[in-house]
Amino acid sequence: MTDWGLLGEVLANKSSDRDRANVKDLVTHARSLLKLIRETFPRYTMHDEQHAENVIALMGRLAAPRIEQMSGLEAALLILAAYFHDAGMAYRADEIASIPDEEEFQRFLDRHDDAVVATQQNGGVPPGAVVEQYCRERHAERVRVHLDRCDRTMLRWDGKPIIDQLELVCRSHNEGAAALHEPRFRTDFLYQADLRFCAIMLRLADILDLDDTRSPKVIYEHLGLAEHTTPEVAASDREWNKHLIARGFEFPRTPAANYSLQFTAESEDPGNEHRLRAFLRVIEEELQRCRSVADICDERWRGLPLPAQIDESGISSRGYRYGEFRFELDRSAVLNLFTGEQLYDDPYAFIRELLQNALDAIRAREHLYEHRSDGVHVRGWKDDGGYLWLRVDDDGIGMDEATLRKFFLRIGRSYYHSTEFQATLARSGRADQPFGVIGRFGIGVLSCFVVGDQVELSSRPVSGGKAVRLSIKRQDDYFVLQDQDMAGRPMPGPATAEPAFPRAPGTRIAVRVDPNHVELDLDGLLAKVPTYLFAPPVPVLVNDRAVDRATRQLVAEPLIAQPLITDLHLERHGKVRIAAVPLNLTRDGECPDVSGQLLLYIALPPDDAGQGEERSFYSLDRPDEFELPAGSADHLVLTFYKGRRRRAHSQIQLSALPGGAQASAFLAHGSQWGFNGIALPAMTDERGLESEGVAAMVLGCLSLSGDLRPDLTVSRSTVRYLPFPVHSALQLATRRALRKAVTGRTEITDRYTFRQLRLTNLAPVEPFVMSTFRADRLLCGGSWCAEKMQGLGGVSIEDLHERARNGIKSQVFHFPRDPRQLADRVSFAFDDAIMAALLHLFVDTECVIIGSHVNLVVKTDATPHRPEGADLFAPMFSAPFPDNVSLARAGGIMNADHPLTKWLLDNAHALAEHLPALFQRVLRPANFVDAAEWDLALKRVSDSGRVPAPPLAAYVRQDENGWWWSR
């Protein structure tokens, strides 16, 4: 029995032959289970026989000072626990397959928001990472499953059953140390065994097994964990590396009370060392907890010398100096930054933030629970002390203490972008329905202190938790938090103090204005409220007066009923015909998250326009600032061109055009668009729609909702850019409304061709890769497939499919764009982008070479299959080149069947993680770099050793056309 060290010696000397044989037989069975763990969860660090042997050896070292006190039964329980404590992770294939149907798995999902979200995003099927998480969490309690499968006659000591006690000790290693205080851990089992002592030994030995024997390097390299192909593999890689650099603990020869363990490790990577040292601190905390439990063990073990701390001086750092270097934040300076004028240039911005929070909370409740809201109530008053107050009340989802602490009071965290909220959406069955909010940074409450010195909050969650009451004063370093079980402070109100806690779900926030801000008055505060609103989805009342109707009416009612043409007689131009086309996005856009009313003015070409270079045309535009005389803000500028030279221009009053008076109302409002009920800053570019070099002018308003969120600066004062899904929705809604408006109006369509529609030059800044386009629900859902595209020869994706079914070969015009240059583009070529994405997602294409030209043609009507790595590249990065296996690149398109392209797509995620600069600058835009630069990049990839080396066929030569061929 010396194989088990000191414990083996105790077992040999203090047990019967029958009991020793039972232990040996049970260990043999356990070894087969531990091998099954390795087969089921190969990426885990080793939970095998080696780990069990390590744990037994460590138990012996820990108990050594009093090993003579140990009974045979204690030695048997410890040896068996070392082998069985991880056995719950042993699953047969059929057991893994049945996990989603287990009731316990459903309870697991109830406890883990991240697992709910991952399962929902995987089509309702739990992904492998979630299954592994579940198995690992439950493995200790599942030990009983395997114990019950053993021969019960072996789970005895002196003929008495020990299965329950062995299970108890095994399960305890996955419980908190506080559980060991419970009476179920008897110290006198059969008057031979202290179960509490056994539990302490198991949990300490288990956590102290930290060395490279648990992570053999040959297995690590075989698993390819360094490639980080998924987040789960990356996590396993970090865990393995923690063990790979560890050399284990050394015990003192004669341990005294609270002795130190010396730890040795050799690190060549600061990240690995940082994670290792962090884990050592976790071990120290566990040592402290277990020492307190040891004081209530059986008197034999009371006062047993146990380790109290870890000596880390044996950790060597090769090639760097390790230190806990990190950024430190000055709390006072940061608060001054976020509550001062450096961030918010508008002192009234807190009103917008409170309105936004209220509308988001109401929309969330309506989205989740189909609630019909009474709206937002804003109240302002002056109290008896002369202080100004503004309060915003909503009947939204409300907050409990956990939400308040985790999100409201934590700067930089937004509840609506959290895993918790995403899990709530998934559980409600509405995760696939878009829900977006303006807030992203979790700093809105700080805006209250730009002009306020006190904030009072009261909230009741719709989920049924306790109502909360919060008081914050700017000058204090503490907050006052109460719940409904306490006598809460009354809530400030316009007439008298009100109850501390709301009776119904919702939130009330009151801000007291700092008296030093003498420039603010009550009327000014209340007058600001409607300026921050734009077609809110629910009523908004200020001191019981509705203030939301004006913009809601602008969005709902067309400016004119139908297209009209007006003849103007201008001194410099003579007769000019202006067409006014109403675009009713609310009714005709067919995009539920886009509504609004636009009015498109088109200066129709003159009758003698001519052709070619000498043709004549007009353009319409808003006047530049230097062109604006007093009172001309409601004018348009008409410019006459002949032969592309400007010949004359005039100003036209909007009132002279159909719908002009209504259009002037839009301009007078201040904001012409909004998102989820909040007015947005003006677009930086308002030129409007353009087509074929002939500019038209569009005026009106747009209301966006759902998740069509423009990206704003932190202070929300400027629109940074429009994400691609916003462009897509605006373009689709505008095209559909325009098509319906001009159908049958030949007097307009015969003289004006609508092609490139451009509402704004606020181009997306996301990478020009397929993962960006996959965020567009309209695109991926096929809504664009019926739209006719100029680059497709005036047909749609559906038309291409129909032609392919009829055996007709269609050629499409796709001109790949260098993704590195798109960030510098002056305007966003939306048609090029959407067409490339449509081809990538829905059209089975191939490249046909005719002479020195590459033609992209439709092959079949099937949906194309793209490898996962293709999402990290531009749409249509590659396509097959039939009968040209040695051709790697031509016409800016990579050959999908060439070894170079296959290697690149197969290893895209690993390349992006381990060699990000090389990937972004050379590998991702491979269809635009030259061969010399490419070959140099491949050599750097090979030299790095971080990803699989490229095959020899990936090295290419370049011909005079810029085409790549295998060497």
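Remember, predicted model here, so these are calculated numbers, not experimental data.

Asker: So what's going on with the overall build of the protein chain? Which residues, and what values?
Answerer: Along its length, the protein chain carries 32 helices and 34 strands. Scored against the burial criterion, the 967 residues of the protein chain give a buried share of 54%. Contacts in the protein chain between residues far apart in sequence, at least 24 positions, make up 68% of those at least 6 positions apart. Approximately 43,200 Å² of the protein chain is accessible, and the part contributed by carbon and sulfur atoms is 48%.

Asker: Please provide a residue-by-residue account of the pairing of strand 8 (residues 452–460), values included.
Answerer: Of all nine residues that make up strand 8, nine are buried, and the element is covered over most of its length. Two elements, strand 8 and strand 11 (residues 506–513), share eight bridges in a ladder whose sense is antiparallel. Opposite S458, over in strand 11, you have R508 as the bridge partner. Bridge count between strand 8 and strand 9 (residues 468–473): six bridges; the pairing is antiparallel. Paired with E456 across the bridge in strand 9 is S471.

Asker: Give me the sheet that holds strand 18 (residues 635–642): which residues, what numbers.
Answerer: The three strands lie next to each other as 17-18-19, forming an open sheet whose pairing is antiparallel. Sheet topology places strand 17 (616–621) and strand 19 (645–653) at the edges, where each strand pairs with a single neighbour. The mean angle between the axes of side-by-side strands here comes to 20°, regardless of whether they run parallel or antiparallel. Bridge count for strand 17 against strand 18 is six bridges, and the pairing is antiparallel.

Asker: Explain the sheet that holds strand 31 (residues 887–890) to me, using residue names and the numbers behind them.
Answerer: Reading across the sheet, the five strands line up as 30-32-31-34-33 and stay open at both edges, with mixed pairing between neighbours. In this open sheet, the two edge strands, each paired with only one partner strand, are strand 30 (878–879) and strand 33 (956–958). Note: strand 31 against strand 34 (residues 964–966), two bridges, orientation antiparallel. By the bridge assignment for strand 34, R889 is matched with W964. Relative to the sheet, helix 29 (residues 899–906) contacts strand 30, strand 31, strand 32 (893–895), strand 33 and strand 34, its axis offset from that of strand 32 by approximately 100°. Helix-sheet contacts for helix 32 (residues 931–944) involve strand 33 and strand 34, and the interaxial angle to strand 33 is about 165°.

Asker: Before we move on, could you go through the pattern of salt bridges and cite the residues and values that matter?
Answerer: Within this structure, the stated rule accounts for 63 salt bridges. The salt bridge partner of E175 is R184, with a shortest N-O separation of 2.8 Å. On the basis of relative accessible area, R184 is assigned to the partly exposed category, the value being 35%. One salt bridge connects R203 with E286, and the closest N-O pair in it is separated by 2.5 Å. Of this pair, R203 sits in helix 11 (residues 195–208) while E286 sits in helix 14 (residues 270–294), and the two are 83 residues apart along the sequence.

Asker: Give a detailed account of helix 3 (residues 49–63), specifying residues and quantitative values.
Answerer: Look at helix 3: 21 Å from first C-alpha to last across 15 residues, which is about the 21 Å you get at 1.5 Å a residue. Turning to helix 3, its buried residues number three or more, namely H51, A52, N54, V55, I56, L58, M59, G60, L62 and A63. Residues of helix 3 that are buried sit in contact with helix 1 (5–13), helix 2 (17–40), helix 4 (72–84), helix 11, strand 4 (259–267) and strand 5 (307–317).

Asker: Can you tell me about the packing of aromatic side chains, naming the residues and giving the values?
Answerer: Scanning the model with the defined rule gives 22 aromatic pairs in all. Taking 5.5 Å as the distance between ring centres and 50° as the angle between the ring planes, the aromatic pair formed by W784 and F830 counts as tilted. With a gap of 46 residues between them, W784 in the loop between helix 26 (777–780) and helix 27 (797–805) and F830 in helix 28 (residues 830–842) connect regions that are remote in the sequence. A residue is classified by how much of its surface remains accessible, and W784, at 0% relative accessible area, is buried. Residue class for F830 comes out buried when judged on its relative accessible area of 1%. Each ring, one from F873 and one from F919, has its centre 5.5 Å from the other, and the planes form 75°; the classification is edge-to-face. Of this pair, F873 sits in the loop between strand 29 (853–860) and strand 30 while F919 sits in helix 31 (residues 916–923); the two residues are 46 residues apart in sequence, bridging distant segments of the chain. Here F873 matches F919 in class, with each residue buried. The residue whose ring lies beneath R142 is Y91, and the NZ or CZ to ring-centre distance is 3.6 Å. Directly above the aromatic system of Y387 lies the positively charged group of R512, at a separation of 3.8 Å from the ring centroid.

Asker: Can you explain the environment of R957? Please cite residues and give values.
Answerer: Mapped onto the secondary structure, R957 falls in strand 33. For the pair R957 and R967, spaced ten residues apart in sequence, the C-alpha separation works out to 5.8 Å. The contacts of R957, once residues within four sequence positions are left out, are A931, W963, W964, W965, S966 and R967.

Asker: Describe the environment of N543, with residues and values.
Answerer: Among the secondary structure elements, N543 is positioned in the loop between strand 12 (540–542) and strand 13 (545–546). The class of N543 is partly exposed, set by a relative accessible area of 37%. Residues N543 and V378 lie 165 residues apart in sequence; the distance between their C-alpha atoms is 6.1 Å. Excluding residues within four positions of it along the chain, N543 makes contact with V378, R379, G380 and L526. A polar side-chain atom of N543 sits 3.2 Å from the main-chain amide nitrogen of G380.

Asker: Quick one: what's the story with the packing of helix 2 against helix 4, residue by residue and with numbers?
Answerer: Viewed as axis vectors pointing N to C, helix 2 and helix 4 meet at an angle of 15°, and their least axial separation amounts to 9 Å. Between helix 2 and helix 4, the angle falls in the class roughly parallel. By crossing handedness, the relation of helix 2 to helix 4 is classed as left-handed. Contacts between helix 2 and helix 4 involve V23, L26, V27, H29, A30, R31, L33 and L34 on the former and, on the latter, A76, I79, L80, Y83 and F84. Of the residues that constitute the contact of helix 2 with helix 4, the class distribution is eleven nonpolar, one polar and one charged.

Asker: Go over helix 28 with me, naming the residues and quoting the values.
Answerer: The terminal C-alpha atoms of helix 28 lie 18 Å apart, and with 13 residues this matches the ideal 18 Å at 1.5 Å per residue to within 8%. Taking burial as the measure, the 13 residues of helix 28 include twelve buried ones, the bulk of the element. Within helix 28 the residues assigned to the buried category are F830, D831, A833, I834, M835, A836, A837, L838, L839, H840, L841 and F842.

Asker: Can you explain the nonpolar core? Please cite residues and give values.
Answerer: As a rule of thumb, nonpolar side chains are buried together in soluble globular proteins. L355 and V376 are the most contacted members of the largest nonpolar core, which has 112 residues in total. Of all the elements, helix 23 (residues 724–742) adds the most residues to this core, at ten residues. The contact partners of L355, leaving out residues within four places of it in the chain, are V376, V378, V529, Y532, L533, V540 and I678. Grouped together as the second largest cluster of nonpolar side chains are 98 residues, F84, A193, C297 and A426 included.

Asker: Describe the confidence of the model for the protein chain, with residues and values.
Answerer: Per-residue confidence for the protein chain gives a mean pLDDT of 86; residues scoring 70 or more make up 88%. Predicted confidence for residues 216–223 stays below pLDDT 50, and this span has 17 contacts to residues more than four positions away or in other chains. Contacts from residues 685–693, a stretch scored under 50 in pLDDT, to residues over four places away or in other chains number 31 contacts.

Asker: Residues and numbers for the environment of N272, please.
Answerer: Locating N272 in the fold gives a position in helix 14. Taking the C-alpha atoms as reference points, N272 and H243, separated by 29 residues in sequence, lie 9.5 Å from one another. Other than its neighbours up to four places away in sequence, N272 contacts N241, I245 and S267. At a separation of 2.9 Å, a polar atom in the side chain of N272 contacts the side chain of R275.

Asker: Any details on the side chain of D593? Residues and values, ideally.
Answerer: Of note, D593 is situated in the loop between helix 21 (585–588) and strand 16 (594–603). One buried charged side chain, D593, makes no salt bridge at all; its nearest oppositely charged neighbour is R777, positioned 6.8 Å away. Look past the residues within four positions of D593 in its chain and what remains in contact with it is P434, S703, L704, S705, G706 and L708.

Asker: So, unusual backbone geometry: which residues are in play, and what are the values?
Answerer: For Y191, which is not glycine, the phi dihedral falls at a positive 55°. Relative to the helices and strands, Y191 is located in the loop between helix 10 (163–172) and helix 11. Owing to a relative accessible area of 75%, Y191 belongs among the exposed residues under this scheme.

Thresholds applied
Residues numbered from 1 in each chain as written. Predicted model: local features only at pLDDT ≥ 70, side-chain atom pairs only at ≥ 80, totals over all residues. Heavy atoms only, no water. Helix = DSSP H or I, 4+ residues; strand = E, 2+ residues; numbered from the N terminus. Buried < 20%, exposed > 50% of the residue type's maximum accessible area, 1.4 Å probe, protein only. Contact = heavy atoms within 4.5 Å. Areas by Shrake-Rupley, 256 points an atom, 1.4 Å probe, with all protein chains shown as cover. Pairing = 2+ DSSP bridges. Axes fitted to C-alpha atoms, helices over the stretch in contact; angles between N-to-C directions. Salt bridge = Lys/Arg side-chain N within 4 Å of Asp/Glu carboxyl O. Expected span 1.5 Å × (residues − 1). Phe/Tyr/Trp six-rings, centres within 6.5 Å; stacked < 30°, edge-to-face > 60°. Lys NZ or Arg CZ within 6 Å of the ring centre and 35° of its normal. Polar contact = N/O pair within 3.5 Å; in protein donor to acceptor, adjacent residues only side chain to side chain. Parallel < 35°, antiparallel > 145°, perpendicular 65-115°, else oblique. Left-handed = near helix turned anticlockwise from the far one by under 90°. Nonpolar A, V, L, I, M, F, W, Y, C, P; charged D, E, K, R; others polar. Core = buried A, V, L, I, M, F, W, Y, C linked by side-chain atoms within 4.5 Å. pLDDT = per-residue confidence, 0-100. Lys, Arg positive; Asp, Glu negative; His and termini not counted.

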